[in-house]
Amino acid sequence: MSLLVVGSVAIDSIQTPTETRENVLGGSATYFSYAASFFAPVKLVGVVGEDFPAEHVELLRRRGIDTAGLHVVRGGKTFFWKGKYLPNMNDRETLEVHLNVFGDFRPALPDSFRQSEFIFLANGSPVTQMSVLAQTPGARLVVADTMDLWIREQHDELMALFKRIDGLVMNDSEAKLLTGDENLVSAGHKVLALGPRFVVIKKGEHGAMFFSQHETYVLPAFPTAQVIDPTGAGDSFAGGMMGYLAAQRNFEPKTLKEAMAYGILVASFAVEDFSLERLKRIDRSDLDLRMEQYRKMLSF
Ligand code: AMP
């Protein structure tokens, strides 16, 4: 079933306590679409500058990702983000962000993208996210991500978006900021009351919590000792989750729980190297093997 993602395609520079990588492939839509491509065909909508290396587009295409919606701005520069991880490898600071062509990003979907049924609005301004909904009349499941910047600066627009989406994915710190509640369980229920039919709160190395009217549960992260670069973990989680849902063609509670688990497992691979490097070295069978280990770990 058709899965569409709209979000950033970026060049990142990453500093961890032990290593630095300059100018590697990043961006929320990039991680999302690569992660989702293990499960279902993906259509990507984003913008890059003329400086964006052709090999990156080729990498996405080789995964079957449809890049017809990746707009290249002549003479423009690609969105650039530089981040630094603290020794706990969970918290990070943004050292530099140059929006470049992403600053004027007004997604215009190719005709062949407009009937997509599963839609992921990766982190971006709620106004931009809303503009995608106006172009996707066939949407059956719309899930969005958001961040502290929009919670602080475009609160009303975000509230309007929440009334239009089915699912919301956010970090624990963002759920606390949005609700003013330090308890994640009550924060999750407060976010649910703002409109989405389900809410996923990501807790980094501690996994993810799920909230709907009928269910509240937490799934742990897959324990990996090899955390090299956590960048993109959240987007890879969302990609794995939405990819699995699109492949199953439904979003029943049982499927949603399996999808959460697959999201957690793709993310556990994504953090094991910089950029997409680890994901490039795995295939679906590696995910299924880790799923077996994960199921064993959770049964007692
Ligand atoms: P994650 O670690 O899942 O939050 O995603 C990190 C990715 O998000 C990086 O590859 C960045 O290029 C990208 N990113 C950082 N800041 C922003 C922003 N303000 N808007 C969109 N994407 C961003």
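A few points on the structure. (Residues numbered from 1 in each chain as written. Predicted model: local features only at pLDDT ≥ 70, side-chain atom pairs only at ≥ 80, totals over all residues. Heavy atoms only, no water.)

### Concerning the sheet that holds strand β1 (residues 3–6)
For sheets, the rule is that strands pair by backbone hydrogen bonds, running either parallel or antiparallel.
Then step 1. Spatially, β5-β4-β1-β8-β9-β10-β11-β12-β13 is the arrangement adopted by the 9 strands of the open sheet, whose pairing is mixed. Looking at strand neighbours, the two that pair on one side only are β5 (66–73) and β13 (216–219), the edges of this open sheet. On average, adjacent strands in this sheet sit at an angle of 15° to one another, irrespective of strand direction.
Then step 2. The pairing of strand β11 (residues 198–202) with strand β12 (residues 208–212) spans 5 bridges and is classified as antiparallel. Bridging across to β12, Val-200 finds its partner in Phe-210. (Pairing = 2+ DSSP bridges. Helix = DSSP H or I, 4+ residues; strand = E, 2+ residues; numbered from the N terminus. Axes fitted to C-alpha atoms, helices over the stretch in contact; angles between N-to-C directions.)

### A look at helix α2 (residues 54–62)
Then step 1. Of the positions making up α2, those classed as buried are His-56, Val-57, Leu-59 and Leu-60. Each buried residue of α2 sits inside an arc of 155° when the element is viewed along its axis, so together they form one side. Along α2, the residues that are exposed and aim more than 90 degrees away from the buried face are Ala-54, Glu-55 and Arg-62.
Then step 2. The elements touched by buried residues of α2 are β2 (10–15), β3 (20–26), α1 (28–36), β4 (42–49), β5 and α10 (277–280).
Then step 3. In the stretch just after α2, Gly-64 is the one whose phi turns positive, near 80°. (Buried < 20%, exposed > 50% of the residue type's maximum accessible area, 1.4 Å probe, protein only. Arc of directions from axis to C-beta. Contact = heavy atoms within 4.5 Å.)

### Remarks on the pairing of β12
Then step 1. Burial analysis of β12 places 5 of its 5 residues in the buried class, which makes it a mostly covered element.
Then step 2. Going residue by residue along β12, you find Ala-208, Phe-210 and Ser-212 tucked away on one face and Met-209 and Phe-211 tucked away on the opposite face as well.
Then step 3. The turn joining β11 and β12, which pair antiparallel and follow one another in sequence, is formed by 5 residues; a positive phi near 55° is taken by Gly-204.
Then step 4. When β12 meets β13, the two strands line up antiparallel, connected through 4 bridges. Paired with Phe-210 across the strands is Tyr-217, a residue of β13.

### Overview of the packing of aromatic side chains
Then step 1. Considering all chains together, one arrives at 11 aromatic pairs under this definition.
Then step 2. Arranged with centres 5.2 Å apart and planes meeting at 55°, the rings of Phe-79 and Phe-102 form a pair that is tilted. With Phe-79 in strand β6 (residues 79–85) and Phe-102 in the loop between β7 (92–98) and β8 (118–121), this residue pair connects regions lying 23 residues apart in the sequence.
Then step 3. Given the relative accessible area of 10%, Phe-79 is considered buried.
Then step 4. What makes Phe-102 buried here is its relative accessible area of 16%.
Then step 5. Between the NZ or CZ atom of Lys-257 and the centre of the ring of Tyr-217, over which it lies, the distance is 4.4 Å.
Then step 6. Above the ring of Tyr-262, the side-chain terminus of Arg-284 is found at 5.1 Å from the ring centroid. (Phe/Tyr/Trp six-rings, centres within 6.5 Å; stacked < 30°, edge-to-face > 60°. Lys NZ or Arg CZ within 6 Å of the ring centre and 35° of its normal.)

### Section: the pattern of salt bridges
Here the idea is simple: oppositely charged side chains can pair when their charged atoms come close.
Then step 1. Applying the stated criterion across every chain yields a total of 14 salt bridges.
Then step 2. Between Asp-111 and Arg-114 there is a salt bridge; the shortest N-O distance is 3.7 Å.
Then step 3. Residues Glu-258 and Lys-254 are paired through a salt bridge, measuring 2.9 Å at the closest nitrogen-oxygen approach. Of the two residues, Glu-258 and Lys-254 are both situated in helix α9 (residues 253–270); the distance of 4 residues between them amounts to about one turn of the helix.
Then step 4. Judged by relative accessible area, Glu-258 falls into the buried class, the value being 18%. (Salt bridge = Lys/Arg side-chain N within 4 Å of Asp/Glu carboxyl O.)

### A closer look at the layout of surface pockets
Then step 1. Considering only enclosed or pocket space, the second largest pocket measures out at about 310 Å³ in volume.
Then step 2. Arg-197, Phe-198, Ser-212, His-214 and Leu-256 are, among the 13 residues lining the second largest pocket, the residues nearest its centre.
Then step 3. At the level of elements, β12 and α9 are the ones that each hand at least two residues to the lining of the second largest pocket. (1 Å grid on protein atoms, 1.4 Å probe; cavity = no way out; pocket = protein on both sides within 12 Å on 5 of 7 lines; lining within 4 Å. Points joined across faces, edges and corners; volume = space filled by probe spheres on them.)

### Digging into the site of the ligand
Then step 1. As a matter of local geometry, the ligand sits amid 17 residues, with Ser-8, Asp-12, Gly-27, Gly-232 and Asp-235 nearest to it.
Then step 2. Contact between the ligand and Ser-8: a nitrogen atom at 2.8 Å from a side-chain N or O atom of the residue.
Then step 3. In this structure, Gly-27 approaches the ligand through a main-chain N or O atom, which is 2.7 Å from an oxygen atom.
Then step 4. In the complex, the protein chains occlude 87% of the 510 Å² of accessible area that the ligand would expose alone.
Then step 5. Counting only elements with at least two residues in the shell around the ligand, the list comes to β2, β6 and α8 (233–248). (Near = heavy atom within 4 Å. Polar contact = N/O pair within 3.5 Å; in protein donor to acceptor, adjacent residues only side chain to side chain. Areas by Shrake-Rupley, 256 points an atom, 1.4 Å probe, with all protein chains shown as cover.)

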